[in-house]
Amino acid sequence: MIPSQGEVTSEIYLYYIKSGGWLLFFTLVLYVVANQAATILGSYWLSHWGDVSVRHEDDNDPLTVDQNVYYLNIYAILSCCILFFYMMRSIALADHRMHCSVQLHIGLLKATLFAPVSFFDVTPIGRILNRFSSDLQTVDEEISQNVSQGLNSIASVISAVGAIAGATRGTFLILLVPMSVFYHLIQKYFKATNTSIARLESISRSPIYADFSQALSGLTSIRAYSDSARFIGEY
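The structure presented is a predicted model; accordingly, all values stated were derived computationally and were not measured.

### Structural notes on the nonpolar core
Alright, step 1. By size, the foremost hydrophobic cluster in this structure holds seven residues: Leu 28, Tyr 31, Val 32, Ala 92, Leu 93, Leu 151 and Ala 155.
Alright, step 2. Of all elements in the fold, only α2 (22-58), α3 (65-113) and α5 (125-167) reach the threshold of two or more residues within this core.
Alright, step 3. Among the elements that line this core, the one with the most residues is α2, at three residues.
Alright, step 4. Those residues in contact with Tyr 31 that lie beyond four places of it in its chain are Phe 85, Met 88, Arg 89 and Ala 92.
Alright, step 5. The next biggest cluster of nonpolar side chains, apart from the first, holds six residues, and it includes Val 52, Leu 63, Tyr 71 and Leu 78.

Encoded structure:
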């Protein structure tokens, strides 16, 4: 079987999202957008509060206690919204990750149990164990964190671009085009090389799992020949 090459295709990402559930994924995206919007509104309200306070100070008419409490209450409400959306985003992410992990594990288990005998003749046992252990651990832990960080980064970039474009009255959009092209070329090269390295790293684990499983099944013979020290040294 020829191993995959190049970057991960969009079908793989869609399959991962589908395994966890489209509804949960769109709910996760909604909470990420709402959290980012509440964060921006909180920063804007704090800046607005400061501007109003400075203007009143310049006019020798400082804000009263009731006025400061009003601004403080609005800022507290926005802060509570940020915490609420962040909590709901974490719950949605954990739920999507659990559904995805269960579906992928069931699919992998069925494919292995119903595979023909010829599959086990040409596939090392260490590679199968690697799929059920290290690869599923990556799905359970690392991918979900990367999804969360990716959604946060996308939301942050969009909000930052919008803020800069608004502050520069659209002038920044002229520079955004060549910057986007340059970034696309760099990330296309990085994704291809990084994915290849990850595949090689995953394949390199297979002999380790295979040797370890064979040693476990042959513990009686290893102890009978007093060869335990050599195997411990190798591992």
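Okay, back to it.
### Observations concerning α5
Alright, step 1. Between its first and last C-alpha, α5 extends 59 Å over 43 residues, near the 63 Å set by a 1.5 Å rise per residue.
Alright, step 2. Most pronounced at Arg 131, the bend in α5 amounts to some 40°.
Alright, step 3. For α5, the full list of buried residues reads Gly 126, Ile 128, Asn 130, Ser 134, Leu 136, Val 139, Ser 144, Ser 148, Leu 151, Ala 155, Ser 159 and Ala 165.
Alright, step 4. A positive backbone phi angle near 60° is found at Arg 169, which sits one or two residues after α5.

### Topic: α3
Alright, step 1. For α3, which comprises 49 residues, the first-to-last C-alpha distance of 71 Å matches the rise-based estimate of 72 Å (1.5 Å per residue) to within 8%.
Alright, step 2. If you check which residues of α3 are buried, you get Tyr 71, Leu 78, Arg 89, Ala 92, Leu 93, His 96, Cys 100, Ser 101, Leu 104 and Thr 112.
Alright, step 3. Packed against the buried residues of α3 are α1 (10-20), α2, α4 (117-122) and α5.

### Considering the pattern of salt bridges
Alright, step 1. For the coordinates displayed, the defined rule picks out one salt bridge.
Alright, step 2. Across the pair Asp 227 and Arg 230 runs a salt bridge whose closest N-O atoms are separated by 2.8 Å.
Alright, step 3. Given the relative accessible area of 24%, Asp 227 is considered partly exposed.
Alright, step 4. The class for Arg 230 is partly exposed, based on a relative accessible area of 42%.

### Observations concerning the packing of aromatic side chains
The geometry of an aromatic ring pair is captured by two quantities: the separation of the ring centres and the angle between the planes.
Alright, step 1. Taken as a whole and judged by the stated rule, the model has nine aromatic pairs.
Alright, step 2. Ring geometry for Tyr 31 against Phe 85: centres 6.5 Å apart, planes inclined by 40°, an arrangement best described as tilted. Residue Tyr 31 is located in helix α2, and its partner Phe 85 is located in helix α3; the two are separated by 54 residues in the primary sequence.
Alright, step 3. Look at Tyr 31 and you get buried, because its relative accessible area is 19%.
Alright, step 4. Through a chain of ring-to-ring contacts, three or more aromatic side chains come together here, namely Trp 45, Trp 49, Tyr 70 and Tyr 71.

### Some points on the state of the cysteines
Alright, step 1. Here the structure, examined in full by the defined rule, presents zero disulfides.
Alright, step 2. Cys 80 takes part in no disulfide bond, and the closest cysteine sulfur to it belongs to Cys 81, at a distance of 7.1 Å.

### What to know about the side chain of Ser 19
Alright, step 1. With respect to the helices and strands, Ser 19 occurs in helix α1.
Alright, step 2. A polar atom in the side chain of Ser 19 sits 2.8 Å from the backbone oxygen of Tyr 15.

### Structural notes on the confidence of the model for the protein chain
Alright, step 1. The predicted model of the protein chain has a mean per-residue pLDDT of 82, with 94% of residues at 70 or higher.
Alright, step 2. Averaged pLDDT values over the elements of the protein chain bottom out at 78 in helix α6 (residues 172-217) and peak at 90 in α3.

### What about a negative patch on the surface?
Alright, step 1. A cluster of acidic residues, Glu 57, Asp 58, Asp 59 and Asp 61, forms a negative patch on the protein surface.
Alright, step 2. With respect to the helices and strands, Asp 59 occurs in the loop between α2 and α3.
Alright, step 3. Judged by relative accessible area, which is 59%, Asp 59 ranks as exposed.

Each value, and the rule that gives it
Residues numbered from 1 in each chain as written. Predicted model: local features only at pLDDT ≥ 70, side-chain atom pairs only at ≥ 80, totals over all residues. Heavy atoms only, no water. Core = buried A, V, L, I, M, F, W, Y, C linked by side-chain atoms within 4.5 Å. Buried < 20%, exposed > 50% of the residue type's maximum accessible area, 1.4 Å probe, protein only. Helix = DSSP H or I, 4+ residues; strand = E, 2+ residues; numbered from the N terminus. Contact = heavy atoms within 4.5 Å. Expected span 1.5 Å × (residues − 1). Bend = angle between axes of the 7 residues up to and from the residue. Salt bridge = Lys/Arg side-chain N within 4 Å of Asp/Glu carboxyl O. Phe/Tyr/Trp six-rings, centres within 6.5 Å; stacked < 30°, edge-to-face > 60°. Disulfide = S-S within 2.5 Å. Polar contact = N/O pair within 3.5 Å; in protein donor to acceptor, adjacent residues only side chain to side chain. pLDDT = per-residue confidence, 0-100. Patch = residues over 30% accessible without salt bridge, like charges linked within 9 Å, V, L, I, M, F, W, Y side chains within 5 Å. Areas by Shrake-Rupley, 256 points an atom, 1.4 Å probe, with all protein chains shown as cover. Lys, Arg positive; Asp, Glu negative; His and termini not counted. Charge placed at Lys NZ, Arg CZ, Asp CG, Glu CD.

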